[in-house]
Amino acid sequence: MQLERPEIIDLLKFHIEADCADILEDMPVDHFQPQPVQAQAAPHAEAPQRPTASIGMYEAAAPSLDAPAPVPPAASVSPVVPAVVAGEVSATVARNDTDAQAEQLAQNAKTLDELATALASFDGCGLKKTAKSTVFSDGITPSRVMIVGEAPGQDEDRTGKPFVGRSGQLLDAMMSAIGLSRAENMYIANVIAWRPPGNRAPSLDELDMCKPFIRRQIELAAPEIVVLVGGTSAKTLLETQTGITRLRGKWQTLNIGGREIPALPFLHPAYVLRRPETKIDVWEDLCALKQKLDATT
Ligand code: URA
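A short tour of the structure in this document, coming up. None of these values were measured; they are calculated from a predicted model.

## Here's the deal with the sheet that holds strand β5 (residues 186–190)
And step 1. Reading across the sheet, the 6 strands line up as β3-β5-β4-β6-β8-β7 and stay open at both edges, with mixed pairing between neighbours. At either margin of the open sheet sits one strand with a lone partner, and together these are β3 (138–139) and β7 (252–256).
And step 2. In this sheet, β5 lies alongside strand β4 (residues 145–149) in parallel orientation, the contact comprising 5 bridges. Each bridged residue has a counterpart across the sheet, and for Val148 the counterpart in β5 is Ala189.

## Concerning the packing of aromatic side chains
And step 1. Summed over the entire model, instances satisfying the criterion amount to 1 aromatic pair.
And step 2. Look at Phe122 and Phe213: their rings are 5.2 Å apart centre to centre, the planes differ by 50°, and that puts the pair in the tilted class. Note that Phe122 is positioned in the loop between α3 (112–121) and α4 (127–130) and Phe213 in helix α7 (residues 204–221), a separation of 91 residues in sequence.
And step 3. The class of Phe122 is buried, set by a relative accessible area of 0%.
And step 4. The side chain of Lys292 reaches across the aromatic face of Trp251, ending 4.5 Å from its centre.

## Description of the pattern of salt bridges
Two side chains with opposite charge may pair up if their charged atoms get near one another.
And step 1. Per the counting criterion, the structure on display carries 13 salt bridges.
And step 2. The shortest N-O distance in the salt bridge between Lys128 and Asp123 comes to 2.7 Å.
And step 3. For Asp123, a relative accessible area of 61% translates into the label exposed.
And step 4. A salt bridge links Asp155 to Arg158, with the shortest nitrogen-to-oxygen separation between them at 3.0 Å. Placement of both Asp155 and Arg158 in helix α5 (residues 154–159) is noted, with a separation of 3 residues, approximately one turn of the helix.
And step 5. Asp155 sits in the partly exposed class, given a relative accessible area of 31%.

Rules used throughout
Residues numbered from 1 in each chain as written. Predicted model: local features only at pLDDT ≥ 70, side-chain atom pairs only at ≥ 80, totals over all residues. Heavy atoms only, no water. Pairing = 2+ DSSP bridges. Helix = DSSP H or I, 4+ residues; strand = E, 2+ residues; numbered from the N terminus. Phe/Tyr/Trp six-rings, centres within 6.5 Å; stacked < 30°, edge-to-face > 60°. Buried < 20%, exposed > 50% of the residue type's maximum accessible area, 1.4 Å probe, protein only. Lys NZ or Arg CZ within 6 Å of the ring centre and 35° of its normal. Salt bridge = Lys/Arg side-chain N within 4 Å of Asp/Glu carboxyl O.

Structure follows, in structure tokens:
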């Protein structure tokens with residue numbers, strides 16, 4: 001269907017009024033058309049559940065930019081390399097190159113300012129394409145405590161600072177209860193510096209790709225304690241699949257830059273906003289954090 005310019009403008013206005021302001025995919029998807037039945041790819045042991053899109057009678061897995069192309073069973077592989085396998089191989093090579101580039105950029109940075117510049121120059125993570133800002137950090141360095149969250153949301157993307165929306169305000173209130181604030185003695189970052197479109201969960205590929213940057217950021221910020229806010233942050237940096245509700249409040253160790261850094265998994269304030277009854281757990285974990293800080297003063 002060919003649209004004239006005024007029609008395109010009207011359509012865009014309609015989308016904005018309907019609050020459809022995020023581009024989720026590279027290409028538009030017409031969900032009113034029957035979707036082709038795809039071969040089921042082998043489930044990745046660690047893969048997070050992809051959200052399902054429910055549109056009228058259709059209930060389909062939301063397409064993911066990172067979903068691996070289905071690989072044909074070994075028996076069906078002919079001497080001529082099928083395009084899908086060739087595509088997988090070149091995608092893997094590209095991923096390896098991107099990972100190596102992220103690692104090198106991160107390691108070459110000798111200061112936090114250099115790291116911020118290096119991260120802003122890194123184009124390997126697709127999230128950067130849809131984000132307005134590279135959200136690097138807020139707060140003071142050096143600080144005894146570094147908070148590491150998941151990824152920026154809409155407010156963070158708009159302002160370029162981590163944890164400034166509703167959950168950020170709750171985080172500030174929680175930390176101020178034990179004398180911590182970003183204006184004085186706390187440093188904040190996220191495992192991912194770009195807002196995932198529509199606030200979807202970052203994919204494992206995106207988390208892996210960005211990990212060298214957050215590890216280097218922790219190394220250069222050199223805090224005494226890292227607070228891992230939310231399951232994504234804890235799972236990524238502790239390399240575990242254990243959920244945050246089981247991990248929270250149990251001291252862990254991060255081995256970064258030759259140092260062993262105590263790390264406290266902590267409930268995400270967005271979760272606490274949805275489940276106010278968990279405030280009791282938050283209070284327990286804040287007390288544990290304060291105790292550790294007092295013990296090492
Ligand atoms: N949630 C996060 O994990 N980080 C932010 O910066 C904002 C919301």
